[in-house]
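Residue strings, one per chain:
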Amino acid sequence: MDNYNPEECKVCFNNYDEELRRPRNLPCGHTFCSQCIEDTIQNAQLICPSCRAKHSATDATQFPIVYAIEAFMKKLRSIQVTSVETVSTKCGQDRTRGISKKLRSLVQEHKRSISNLISECEEALSQLSKYQGQVRDWKTQHHQLQDRLHDLLEQNKAAIELLEQEDTSVLTMTTEGEAGKKQLQTMLENLNTVNTAEEVVTTIDEADYYNVEVEDWIQKCQELFPGVNTVYTLVNVQETIKKTLDTITTETGATAASILQGDSVTAIMEKVKKIIGKIPPETLTVDDLRGMSENVKRMVEAGLVFGVKQDQDDLCYSRITLQDGQLYLHVLQHQPPPTHARTIQD
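Within an unreviewed UniProt entry, the label attached to the protein reads RING-type domain-containing protein, and the organism entered is Cherax quadricarinatus.

Draft legend 1. Region of interest: the overall build of the protein. The secondary structure content of the protein amounts to 10 helices and 11 strands. In the protein, which comprises 346 residues, the proportion classed as buried is 38%. Nonlocal contacts in the protein, meaning residues at least 24 apart in sequence, comprise 57% of its contacts between residues at least 6 apart. About 20600 Å² of surface is accessible on the protein, with carbon and sulfur atoms providing 47% of the total.

Draft legend 2. Looking closely at the nonpolar core. Formed by 44 residues in total, the largest nonpolar core has its most connected members in I114, L128, Y131, W138 and W217. By residue number, the principal contributor to this core is helix α3 (residues 101–148), which donates 13 residues. If you look at the next biggest cluster of nonpolar residues, it comprises 16 residues, including C9, I41, C48 and A60.

Draft legend 3. Focus on the packing of α3 against helix α4 (residues 153–193). Here α3 crosses α4 at 160°, and the two axes come no closer than 8 Å. Considering their axes alone, α3 and α4 lie roughly antiparallel with respect to each other. Along this stretch, α3 crosses α4, giving a crossing that reads as left-handed.

Draft legend 4. Quick peek at the pairing of strand β10 (residues 326–329). Pairing between strand β9 (residues 314–323) and β10: four bridges, direction antiparallel. Looking across to β10, one finds that T321 is bridged to Y328. If you look at the hairpin formed by β9 and β10, you'll find two residues sitting between the two strands, and D324 has a positive phi there, around 55°.

Draft legend 5. The confidence of the model for the protein, seen in detail. Per-chain confidence: the protein averages 79 in pLDDT, with 79% of residues scoring 70 or above. By mean pLDDT, strand β5 (residues 87–89) is the weakest element of the protein at 39, and strand β2 (residues 31–33) is the strongest at 93. Contacts from residues 80–96, a stretch scored under 50 in pLDDT, to residues over four places away or in other chains number 16 contacts. The low-confidence segment residues 246–254, where pLDDT is below 50, has 17 contacts with residues more than four positions distant or belonging to other chains.

Draft legend 6. Spatial organisation of a negative patch on the surface. Together, E120, E213, E215 and D216 give the surface a local cluster of negative charge. Here the negative patch gets three residues from one element, more than from any other, and that element is helix α5 (residues 197–224). You can see D216 is positioned in helix α5. Given the relative accessible area of 47%, D216 is considered partly exposed.

Draft legend 7. Just the packing of aromatic side chains, in detail. Applying the stated rule across the entire model yields two aromatic pairs. Their ring planes at 75° and their centres at 5.3 Å tell us that Y209 and Y210 sit as a pair that is edge-to-face. Of the residues examined, Y209 reaches a relative accessible area of 48% and is grouped as partly exposed.

Draft legend 8. Structural detail: the environment of H30. Here H30 shows up in the loop between β1 (23–25) and β2. A relative accessible area of 27% places H30 in the partly exposed class. Counting along the chain gives 19 residues from H30 to P49, while the straight-line C-alpha distance between them is 8.8 Å. Ignoring any residue separated from it by four or fewer positions in sequence, one finds H30 in contact with R24, N25, C48, S50 and C51.

Draft legend 9. Here's a closer look at unusual backbone geometry. Of note, the bond from F225 into P226 is cis; its omega dihedral lies within 30 degrees of zero at -5°. Along the chain, the position of P226 falls in the loop between α5 and α6 (228–243). Positive phi values are uncommon outside glycine, yet F13 reaches one of about 60°. The phi angle at D324 is positive, at roughly 55°, despite the residue not being glycine. In this fold, D324 is placed in the loop between β9 and β10.

Draft legend 10. Region of interest: helix α10 (residues 294–301). Taken residue by residue, α10 has V296, M299 and V300 as its buried positions. What you see down the axis of α10 is that its buried residues fit within an arc of 100°, all on one side. For α10, exposure combined with an orientation more than 90 degrees from the buried face picks out E294 and E301. In the stretch just after α10, G303 is the one whose phi turns positive, near 75°.

Draft legend 11. Spotlight on the packing of α4 against α5. Where α4 meets α5, the axes come as close as 9 Å, and the angle between the chain directions of the two elements is 155°. Between α4 and α5, the crossing angle belongs to the class labelled roughly antiparallel. By crossing handedness, the relation of α4 to α5 is classed as left-handed. Seen from α4, the contacting residues are M173, E176, G177, G180, Q183, L184, M187, N190, L191 and T193; seen from α5, they are E199, T203, I204, E206, A207, Y210, N211, V214, W217, K220, C221 and L224. Taken together, the residues of the contact of α4 with α5 sort by class into 11 nonpolar, seven polar and four charged.

What counts and how
- Residues numbered from 1 in each chain as written.
- Predicted model: local features only at pLDDT ≥ 70, side-chain atom pairs only at ≥ 80, totals over all residues.
- Heavy atoms only, no water.
- Helix = DSSP H or I, 4+ residues; strand = E, 2+ residues; numbered from the N terminus.
- Buried < 20%, exposed > 50% of the residue type's maximum accessible area, 1.4 Å probe, protein only.
- Contact = heavy atoms within 4.5 Å.
- Areas by Shrake-Rupley, 256 points an atom, 1.4 Å probe, with all protein chains shown as cover.
- Core = buried A, V, L, I, M, F, W, Y, C linked by side-chain atoms within 4.5 Å.
- Axes fitted to C-alpha atoms, helices over the stretch in contact; angles between N-to-C directions.
- Parallel < 35°, antiparallel > 145°, perpendicular 65-115°, else oblique.
- Left-handed = near helix turned anticlockwise from the far one by under 90°.
- Pairing = 2+ DSSP bridges.
- pLDDT = per-residue confidence, 0-100.
- Patch = residues over 30% accessible without salt bridge, like charges linked within 9 Å, V, L, I, M, F, W, Y side chains within 5 Å.
- Salt bridge = Lys/Arg side-chain N within 4 Å of Asp/Glu carboxyl O.
- Lys, Arg positive; Asp, Glu negative; His and termini not counted.
- Charge placed at Lys NZ, Arg CZ, Asp CG, Glu CD.
- Phe/Tyr/Trp six-rings, centres within 6.5 Å; stacked < 30°, edge-to-face > 60°.
- Arc of directions from axis to C-beta.
- Nonpolar A, V, L, I, M, F, W, Y, C, P; charged D, E, K, R; others polar.

Written out as structure tokens, the structure is:
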């Protein structure tokens, strides 16, 4: 790290400029000058000189310019380090150097950037914590259903396995996020104690590295969670088990993934609510019967739809059936419907 110079390309060791050797950032996070990137591209492919990651490219201009490095170089050139008086100590002579106003301003900018990123990191960790609580609640519910519905044990086990994988993924991402947050906090503390221009350059370079890592982590959280197929499958299995002991039909794969296509919502729990919203509700409405979707029709034909009427101080129930395309309301009874049935309130 002592020999690391952020103003120079790590391939040709020439300083970046605003013409042929402008700094450009590869998708893997490493930065090189435009000329070296151009020279490295072969057969529409570029292999990163640092990490050997492969990127598709035909021209250096496909990769974004790192304006932060260019701005940093301009500021670095204008920095003037001032000396302060030599202070005598019992152990001898200590010489300290001050930091110019422009350099202090640069420190403040990075402090604000890190603070904002820490806030985003904390929000993502909060969302993960809430989602993990929801995932574990679902795990508990599925274990309870497993005890009651032995003939659907294999399907329920499959849903539990998905939840275990999701729980493990959340725990792994949470651990990474906590580590990233700790690194950012350390960088923030280090920026509060820098005393020399060399310390500023070194600390800012380290801070920029961790900034990129945490930003990538936040983006990865948004892409991975919630696991659409996992949430959709487990809720569907759970609802189907409640409806019938004979049949289970869960929509998976492309159907589940299509729920969030084109969705701009990034909050994890908001996505969970949207996915759950696609599952038929516990209570049906008269409009549901009029529309008679395929799901509602199957429930009516299976005798799992009941009307509920308040009769003085008691509730009365009636089974709704479908015969020859007509709905029929059978004799009211005081016996409640099965727990997996759907009801319509009067």
